Amino acid sequence: MTLPSESFSASEWKARCELAALYRLIAYFRMTDLIDTHISMAIPDDPGHFLINRYGKVFDQMRASDLVRIDKFGHVKDLQLEQSNVNAAGFVIHSAIHQARPDLKCIIHTHTPNGAGVSAQEDGLLPISQHALKFYGCLSYHAYEGIALRAEEKERLIADLGTNNAMILRNHGLLVGGRHVAHAFHEIYFLERACQIQIHALAGGRQLSYPPEDVRRRTAEQFQRDEAEEIIQRAWTAALSLIEDEKESYCS
């Protein structure tokens, strides 16, 4: 069922359009896993509620009206979509982080071959590329416990993430959070690309080159410099231009 924009506050509708665009960009960059994986966004001015995809909707067809508002208990709060299903594992993961880290307004979880591949490597993400060094010293890891269906896993997810914005879920995939949608997109793009570079580098079968420790730390700090926010916003605007012809569709 398509819900009119008049059914929501202006701030929620804006968030819905941004989140729908992000779903389509994740599809554009081939980071989907059919109907699995999930992205969520806290609803502005509506504490305790966030938006997540209606389970079963493919990402490259996501619309603002397809997103479901749920509370911290997993209850659907869109009256017109009460019969909609929400991925149970998606609720466990996203509700935990939204509650513990209100600074992270948008959370992305993926199961890409590159991300899952690195998650299965004992040494995790190696500091062998500029993309990987963005996360040097600020990347968390969470041990695999099976499909994330148990509420008791929430505490361990939160503890493992700590104050970082990105985490590798061992034998599973990638998870990032951002201050806003553009920041979250930037985090997952760089983490995914870092994993892709690592898989390709290891496949070459030759000895790897590692930057010195001081270079690793300097590079990580450079990603946090004052102009980083402007770069993040420019990257988001550039990414949106790739799906500009879909805007009327995803904002419906």
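Residues numbered from 1 in each chain as written. Predicted model: local features only at pLDDT ≥ 70, side-chain atom pairs only at ≥ 80, totals over all residues. Heavy atoms only, no water.

## Observations regarding the pairing of strand β3 (residues 67–71)
Consideration 1: With five of its five residues buried, β3 lies for the most part within the structure.
Consideration 2: Summarising the sheet, strand β2 (residues 49–53) and β3 pair through five bridges and their orientation is antiparallel. Counterpart to leucine 51 in the pairing with β3 is arginine 69. (Buried < 20%, exposed > 50% of the residue type's maximum accessible area, 1.4 Å probe, protein only. Helix = DSSP H or I, 4+ residues; strand = E, 2+ residues; numbered from the N terminus. Pairing = 2+ DSSP bridges.)

## Quick word on the packing of aromatic side chains
Consideration 1: This structure, assessed with the given rule, holds nine aromatic pairs.
Consideration 2: Relative to phenylalanine 29, the ring of tyrosine 28 has its centre 5.2 Å away and its plane inclined at 70 degrees; by these criteria the two rings are edge-to-face.
Consideration 3: Classification of tyrosine 28 as partly exposed rests on a relative accessible area of 43%.
Consideration 4: An aromatic cluster of three or more residues is present, and its members are Tyr28, Phe29, Phe185, Tyr189, Phe190, Phe223 and Trp236.
Consideration 5: It is arginine 16 that lies over the ring of phenylalanine 8; its NZ or CZ is 3.9 Å from the centre. (Phe/Tyr/Trp six-rings, centres within 6.5 Å; stacked < 30°, edge-to-face > 60°. Lys NZ or Arg CZ within 6 Å of the ring centre and 35° of its normal.)

## Some thoughts on unusual backbone geometry
Trans is the prevailing form of peptide bonds, just as negative phi is the prevailing case for residues other than glycine.
Consideration 1: The residue leucine 34 is not glycine, and still its phi comes out positive at about 55 degrees.
Consideration 2: Here leucine 34 is to be found in the loop between α1 (10–28) and β1 (38–42).
Consideration 3: Of note in this structure, asparagine 171 is not a glycine but carries a positive phi near 55 degrees.
Consideration 4: With respect to the helices and strands, asparagine 171 occurs in the loop between β6 (166–169) and β7 (173–178).

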